[in-house]
Amino acid sequence: QVQLVESGGGLVQAGGSLRLSCAASGRTFSSYTMGWFRQAPGKEREFVAAISRSGAYTNYADSVKGRFTISRDNAMNTVYLQMNSLKPEDTAVYYCAASDARSIATMTLRSVYAYWGQGTQVTVSS
């Protein structure tokens, strides 16, 4: 098992930046595909970004491509989400998730992630 704790959320003006972190503890961090999801009020949780176990492969939702960057530091057991050019529609609770799945083809699917953090609120004002 792995435990995940997100941090770095907050209130930012449109056009600003935030960097989310997700610290993992438990089983070997490098054995997990890691993902970020978000959930806005009244909406379903949606995929934002994912990164393979080695960090060699990444995938992004079309809505954040070119603005967000996912990265990981396996030595520090941490995954990051750098968010630039933030928009009010990025407002949501952001969740970090870990998956045992080895296929990069499934890394966008919420169902393959077994472990979730508690979430961190990101609010972007216009």
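Everything that follows concerns the structure shown earlier in this document.
Residues numbered from 1 in each chain as written. Predicted model: local features only at pLDDT ≥ 70, side-chain atom pairs only at ≥ 80, totals over all residues. Heavy atoms only, no water.

**Topic: the overall build of the protein chain**
Test applied: Labels follow the DSSP assignment, with helices taken as runs of H or I lasting at least four residues and strands as runs of E lasting at least two, numbered in each case from the N terminus. The globule rule used for comparison is 2.2 Å times the number of residues to the exponent 0.38, while the radius of gyration itself is calculated over C-alpha atoms. Whether a residue is buried, partly exposed or exposed follows from its accessible area with a 1.4 Å probe, protein chains only, as a fraction of its type maximum: under 20%, in between, or over 50%, in that order. By definition, residues are in contact when any of their heavy atoms lie within 4.5 Å. None of His or the chain ends enter the tally, which takes Lys and Arg as positive and Asp and Glu as negative. Just so you know, the charge point we use is NZ for Lys, CZ for Arg, CG for Asp and CD for Glu.
Helices and strands together make up the secondary structure of the protein chain, namely zero helices and 11 strands. Seen in sequence order, the protein chain has helices and strands lined up from the N terminus as β-β-β-β-β-β-β-β-β-β-β. Expected size for 126 residues packed as a compact globule is a radius of gyration near 14 Å; at 13 Å, the protein chain falls within 12% of this value. Viewed in the frame of its principal axes, the protein chain has a C-alpha envelope of about 40 × 25 × 25 Å. Within the protein chain, the fraction of its 126 residues that count as buried is 44%. Within the protein chain, contacts between residues at least 6 apart in sequence are counted, and of these 60% link residues at least 24 apart. If you average the places of the 12 positive and of the 8 negative side-chain charges in the protein chain, the two averages end up 4 Å apart.

**Topic: the pattern of salt bridges**
The test is simple: Salt bridge, as used here, is a side-chain nitrogen of Lys or Arg placed within 4 Å of a carboxyl oxygen of Asp or Glu.
Tallied over the full model, the rule gives four salt bridges. Across the salt bridge formed by lysine 65 and aspartate 62, the nearest N and O atoms sit 3.1 Å from each other. Residue classification places aspartate 62 among the exposed residues on the basis of a relative accessible area of 67%. Three or more residues joined by partner-sharing salt bridges are found here, namely Arg38, Glu46, Arg67 and Asp90.

**Brief notes about the pairing of strand S4 (residues 33-39)**
Working note: regular strand, side chains alternate between the two faces of the sheet. Stated formally: Strands were regarded as paired on the criterion that DSSP finds at least two bridges between them.
The element S4 is largely enclosed, with a buried count of six among its seven residues. Sheet analysis places S4 next to strand S9 (residues 92-99), joined by seven bridges and oriented antiparallel. If you follow glycine 35 over to S9, its bridge partner there is alanine 97. Summarising the sheet, S4 and strand S5 (residues 46-51) pair through five bridges and their orientation is antiparallel. Bridge pairing in S5 places phenylalanine 37 opposite phenylalanine 47. The antiparallel hairpin formed by S4 and S5 contains six residues in its connecting segment, where glycine 42 sits at a positive phi of about 75°.

**Some details on the pairing of strand S8 (residues 78-83)**
Along S8, five of the six residues are buried, which leaves the element largely enclosed by surrounding structure. Examined bridge by bridge, strand S3 (residues 18-26) and S8 share six bridges and lie antiparallel to one another. Within the sheet, the bridge partner assigned to leucine 20 lies in S8 and is leucine 81. Hairpin connection between strand S7 (residues 68-73) and S8: a loop of four residues separates the two successive antiparallel strands, and asparagine 77 in this loop has a positive phi of roughly 55°.

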